[in-house]
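# Structural characterization, general
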Amino acid sequence: MPQPLWLVRPRPDGGCDYVNFVPSQAAGTQATVEMREGSHLPPQMPLLKRRHRLPAEEAERCRLQLQQSGGYRCSEPLF
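Residues numbered from 1 in each chain as written. Predicted model: local features only at pLDDT ≥ 70, side-chain atom pairs only at ≥ 80, totals over all residues. Heavy atoms only, no water.

## A short note on the sheet that holds strand 5 (residues 73-75)
Strand pairing within a sheet occurs via backbone hydrogen bonds; the two strands may be parallel or antiparallel. Strand order in the open sheet made by the five strands is 4-3-2-1-5, with antiparallel pairing throughout. Each edge of the sheet is formed by a strand with only one pairing partner; in this case those strands are strand 4 (47-55) and strand 5. Taking each pair of neighbouring strands and ignoring which way they run, the sheet shows an average axis angle of 25°. In this structure, strand 1 (residues 5-10) lies alongside strand 5, joined through three bridges in antiparallel fashion. Each residue of the ladder has a partner; that of Leu7, found in strand 5, is Cys74. (Pairing = 2+ DSSP bridges. Helix = DSSP H or I, 4+ residues; strand = E, 2+ residues; numbered from the N terminus. Axes fitted to C-alpha atoms, helices over the stretch in contact; angles between N-to-C directions.)

## Side note on the environment of Val33
Summarising the element assignment, Val33 is placed in strand 3 (residues 32-40). Counting along the chain gives eleven residues from Val33 to Val22, while the straight-line C-alpha distance between them is 5.5 Å.

## Observations regarding unusual backbone geometry
In this structure, the amide linkage connecting Pro42 to the following residue, Pro43, adopts the cis form with an omega of 10°. In this structure, Pro43 sits in the loop between strand 3 and strand 4.

## Some thoughts on the nonpolar core
Grouped together as the largest cluster of nonpolar side chains are eleven residues: Leu5, Leu7, Val19, Phe21, Val33, Met35, Leu54, Ala59, Cys62, Leu66 and Tyr72. For this core, the secondary structure elements donating two or more residues are strand 1, strand 2 (16-24), strand 3 and helix 1 (56-69). With three residues, the single largest contributor to this core is helix 1. (Core = buried A, V, L, I, M, F, W, Y, C linked by side-chain atoms within 4.5 Å. Buried < 20%, exposed > 50% of the residue type's maximum accessible area, 1.4 Å probe, protein only.)

## Considering the pattern of salt bridges
With the rule as written, the count across this model stands at eight salt bridges. For Arg11, the salt bridge is made with Asp17, and the minimal N-O distance between the two is 3.4 Å. Where Glu34 meets Arg51, a salt bridge forms, and the shortest distance between an N and an O atom there is 2.7 Å. Here Glu34, found in strand 3, pairs with Arg51, found in strand 4; they are 17 residues apart in sequence, far enough to count as distant. By relative accessible area, which is 11% here, Glu34 ends up buried. Assessed through its relative accessible area of 51%, Arg51 is described here as exposed. Via salt bridges that share partners, Arg9, Arg11, Asp13 and Asp17 belong to a single interconnected network. (Salt bridge = Lys/Arg side-chain N within 4 Å of Asp/Glu carboxyl O.)

Put into structure tokens, the structure is as follows:
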């Protein structure tokens, strides 16, 4: 996951749930990905529900699971 990735799932109320994967790699350390989960109902501010820092391989498995069984689709950045 070399660049930020947004996954979005629409909700019945007109808002959406989102997961944002942001890769980071400090010098000399293993590649990690920050996974941010939240929801957004415009025009309100987005709500951040959880943040996790995962190894890149685990983040990729999580992304696949969200897309295959969670109903999430790739998206342009929401905000």
